[in-house]
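Structure assessment
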Amino acid sequence: MTTPKVAILMGSKSDAEVMKAASKILDDFGVAHEMRVLSAHRTPADTQAYIAAAEDRGIEVFIAGAGFAAHLAGAVAAHSVLPVIGVPIDSSPLAGVDALYSTVQMPGGIPVATMTIGKSGAKNAGLFAVQILSRKDPKLVSKLKDYRKQMRDDILAIEL
Ligand code: RP5
């Protein structure tokens, strides 16, 4: 079995539909990953224990998505020096603006690379994780270039 390199975490099962966009990108690029529901507020001790063990198991990048007060990405970053990519989720009556501020407004010293709100953010989180891993993997660089080329070709092929 391939060792997962990316851990996709989310605060609730209700976030899964959005976070699957990150998983799909990693599948498309052939990057081994795992998905877990872990909450900064509802399971704080378990989240901390998972992060410590994940590093030892060879995880290289965390992606963390959460809605409402959205402290998951920041909590992961507080317990690890691995890169953390945050995805604010639009699950609250404030449509994710609360989660965006919670995720992006990290105090100096503990960075979280914050993506846009919702599915596009999860998709970009997957791509950003691939870009990080590509620094040590030329095959991923080549796949990223193909991905960009395909996007370009698709747009230029549009006939109105
Ligand atoms: C956050 O609260 C989760 O990340 C989720 O977006 C939101 C709502 O969670 P549920 O009440 O649906 O479990 O912690």
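Here, the structure is the one placed above.
To start, this report covers the structure provided alongside it. Because the structure is a prediction, the values reported are computed rather than measured.

Sheets are built from strands paired through backbone hydrogen bonds, the pairs being either parallel or antiparallel. The strand order across the open sheet formed by five strands is S2-S1-S3-S4-S5, and the pairing between neighbours is parallel. Both outer strands of the open sheet, strand S2 (33–37) and strand S5 (113–114), are each paired with one neighbouring strand and no more. In the packing of helix H1 (residues 16–28) onto the sheet, contacts are made with strand S1 (6–10), S2, strand S3 (61–66) and strand S4 (84–88), and the angle to S1 comes to roughly 170 degrees. Here helix H5 (residues 119–134) sits on the sheet and contacts S1, S3, S4 and S5; the angle it forms with S4, its principal contact strand, is near 170 degrees.

Before going further, it helps to spend a moment on the site of the ligand. The full set of residues close to the ligand is Gly-11, Ser-12, Ser-14, Asp-15, Arg-42, Ala-66, Gly-67, Phe-68 and Ser-91. Taking Gly-67, its main chain carries an N or O atom lying 3.0 Å from an oxygen atom of the ligand. Between Ser-91 and the ligand, the recorded distance is 2.7 Å, taken from a side-chain N or O atom to an oxygen atom. In the complex, the protein chains occlude 73% of the 360 Å² of accessible area that the ligand would expose alone. In terms of residue class, the shell around the ligand is made up of two nonpolar, five polar and two charged.

Successive side chains on a regular strand alternate, one facing one side of the sheet and the next facing the other. Extensive coverage of S3 is indicated by the burial of six of its six residues. Of the two faces of S3, both are covered, the one formed by Val-61, Ile-63 and Gly-65 as well as the one formed by Phe-62, Ala-64 and Ala-66. Both S1 and S3 contribute to a ladder of five bridges, which runs parallel. Counterpart to Ile-8 in the pairing with S3 is Ile-63. Direction of pairing for S3 relative to S4: parallel, over a ladder of five bridges. What sits directly across from Ala-64, in S4, is Gly-86.

Definitions and cut-offs
Residues numbered from 1 in each chain as written. Predicted model: local features only at pLDDT ≥ 70, side-chain atom pairs only at ≥ 80, totals over all residues. Heavy atoms only, no water. Pairing = 2+ DSSP bridges. Helix = DSSP H or I, 4+ residues; strand = E, 2+ residues; numbered from the N terminus. Contact = heavy atoms within 4.5 Å. Axes fitted to C-alpha atoms, helices over the stretch in contact; angles between N-to-C directions. Near = heavy atom within 4 Å. Polar contact = N/O pair within 3.5 Å; in protein donor to acceptor, adjacent residues only side chain to side chain. Areas by Shrake-Rupley, 256 points an atom, 1.4 Å probe, with all protein chains shown as cover. Nonpolar A, V, L, I, M, F, W, Y, C, P; charged D, E, K, R; others polar. Buried < 20%, exposed > 50% of the residue type's maximum accessible area, 1.4 Å probe, protein only.

So, to be careful, I would describe these as geometric facts and stop short of saying anything about function.
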